[in-house]
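# A look at the structure
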Amino acid sequence: MAVTEGRIRPQIYLITPPAFSLDTMKGAFSDAFSGGEIAVVQLRMKDASDDDIIAATHALMPIAHAHNAAFLINDRADLAHKAGADGVHLGQEDGTVSEARSLLGHDKDIGVTCHNSRHLAFVAGDEGADYVAFGAFYPTETKDPKARADIETLELWSSVAEIPSVAIGGISADNCAPLIKAGADFLAVCGYVWNHEDGPASAIKALNDAIDREWAQE
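Moving on, we come to the state of the cysteines. All chains considered together, the criterion is met by zero disulfides. Left unpaired, Cys 176 is separated from the closest cysteine sulfur, that of Cys 190, by 16 Å. Taking relative accessible area as the criterion, Cys 190 reaches 10% and is therefore assigned buried.

Below you can see the structure in the form of structure tokens.
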């Protein structure tokens, strides 16, 4: 999921709900993809057993792959390796990039949460991360964010760094424009999609349309 040869159109990074019925989720997951392009999926199941996370990976990852989306597991490099996922997203307390890389190999994607810190992002980049995530940019009910991020962080990062950035936290079709202008390479969304009144497909379509409108002005 690396960005090469200059900046490309920002892409959607879809995060699953923290808890769900797998049978119901498979339908909603497919529905989301019917709304348009999604580049990356992160399986984020809090308080779930290892077996449930692996089962969800085996059920949902083929759907993601059928739509050319990478499938990452949150927090657990060991489970990403065991389940054959495309990579892992690490929080600041989930081990180092080098540890994850030694387990997963160099053909897998590793991302790192960096809150509002360019220092943490540079450390992650030096360790070999494929992307860094900044946030939360807007209020969110999906999780209790440890930090609020500033648009300036994205602007400065995009001006000096080659490693792609993911913007996260309360993002929707209505508020994504400033993040695109600031240089976000990926827009991470969760509650906006799964709680959308018209369903996941409508949410993804609206977000892709908003990206296209803003990108046309870049």
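Taking 1.5 Å per residue, 13 residues should reach 18 Å; helix 1 (residues 22–34) reaches 18 Å between its end C-alpha atoms and fits that length. Here helix 1 has its buried residues at Met 25, Phe 29, Ala 32 and Phe 33. The arc that holds every buried residue of helix 1, seen down its axis, measures 90 degrees, which confines them to one face. Along helix 1, exposed side chains directed more than 90 degrees from the buried face belong to Asp 23, Thr 24 and Ser 34. Buried residues belonging to helix 1 abut strand 1 (11–15), strand 2 (40–43), helix 2 (50–66), strand 3 (70–74), helix 8 (191–194) and helix 9 (200–216). Looking one or two places after helix 1, you find Gly 36, whose phi comes out positive at around 140 degrees.

Taken as a whole and judged by the stated rule, the model has four aromatic pairs. Geometrically, the ring pair formed by Tyr 13 and Tyr 131 is edge-to-face, given 5.7 Å between the ring centres and 70 degrees between the ring planes. Highlighted residues: Tyr 13 in strand 1 and Tyr 131 in strand 6 (residues 131–135), separated in sequence by 118 residues. With respect to burial, Tyr 13 and Tyr 131 carry one shared label: buried. Seen in terms of ring centroids, Phe 134 and Trp 157 are 5.8 Å apart; in terms of plane orientation they differ by 70 degrees. Their pairing is edge-to-face. Taken together, the residues Phe 134 in strand 6 and Trp 157 in helix 6 (residues 151–160) connect sequence positions 23 residues apart. Of the two residues, Phe 134 and Trp 157, both sit in the buried class.

Turning to the pairing of strand 8 (residues 186–189), a few remarks are in order. Residues in a regular strand point their side chains to alternate faces of the sheet. Alternating residues of strand 8 divide into Phe 186 and Ala 188 and Leu 187 and Val 189, and every residue in both groups is buried. Where strand 1 and strand 8 come together, four bridges link them in parallel fashion. When the bridges of strand 8 are listed, Tyr 13 appears paired with Ala 188. In this view, the connection linking strand 7 (residues 165–168) to its parallel neighbour strand 8 by way of helix 7 (residues 177–182) has right-handed handedness.

One closed barrel accounts for eight strands, arranged 1-2-3-4-5-6-7-8; its pairing is parallel. Taking the axes of each pair of neighbouring strands and ignoring which way they run, one obtains an average angle of 25 degrees across the sheet. By the bridge criterion, three bridges tie strand 3 to strand 4 (residues 87–90) in an arrangement that is parallel. Bridged to Ile 73 within strand 4 is Val 88. Relative to the sheet, helix 6 contacts strand 6 and strand 7, its axis offset from that of strand 6 by approximately 160 degrees.

Turning our attention to the pattern of salt bridges. Two side chains of opposite charge can pair, provided their charged atoms sit close to one another. Tallied over the full model, the rule gives six salt bridges. Of the charged contacts, one joins Asp 130 and Arg 101 as a salt bridge, the two residues approaching to 2.9 Å between their closest N and O atoms. With Asp 130 in the loop between helix 5 (118–127) and strand 6 and Arg 101 in helix 4 (residues 97–104), this pair connects stretches of sequence that are 29 residues apart. The partner of Lys 205 in a salt bridge is Asp 209, with the nearest N and O atoms 2.8 Å apart. One end of the pair, Lys 205, and the other, Asp 209, are both in helix 9, four residues apart, so they sit about a helical turn from each other. By relative accessible area, Lys 205 is classed as partly exposed at 47%. In this structure Asp 209 comes out as partly exposed when scored by relative accessible area, which is 29%.

Cut-off values and rules
- Residues numbered from 1 in each chain as written.
- Predicted model: local features only at pLDDT ≥ 70, side-chain atom pairs only at ≥ 80, totals over all residues.
- Heavy atoms only, no water.
- Disulfide = S-S within 2.5 Å.
- Buried < 20%, exposed > 50% of the residue type's maximum accessible area, 1.4 Å probe, protein only.
- Helix = DSSP H or I, 4+ residues; strand = E, 2+ residues; numbered from the N terminus.
- Expected span 1.5 Å × (residues − 1).
- Arc of directions from axis to C-beta.
- Contact = heavy atoms within 4.5 Å.
- Phe/Tyr/Trp six-rings, centres within 6.5 Å; stacked < 30°, edge-to-face > 60°.
- Pairing = 2+ DSSP bridges.
- Right-handed = clockwise from strand over helix to strand, strands pointing away.
- Axes fitted to C-alpha atoms, helices over the stretch in contact; angles between N-to-C directions.
- Salt bridge = Lys/Arg side-chain N within 4 Å of Asp/Glu carboxyl O.

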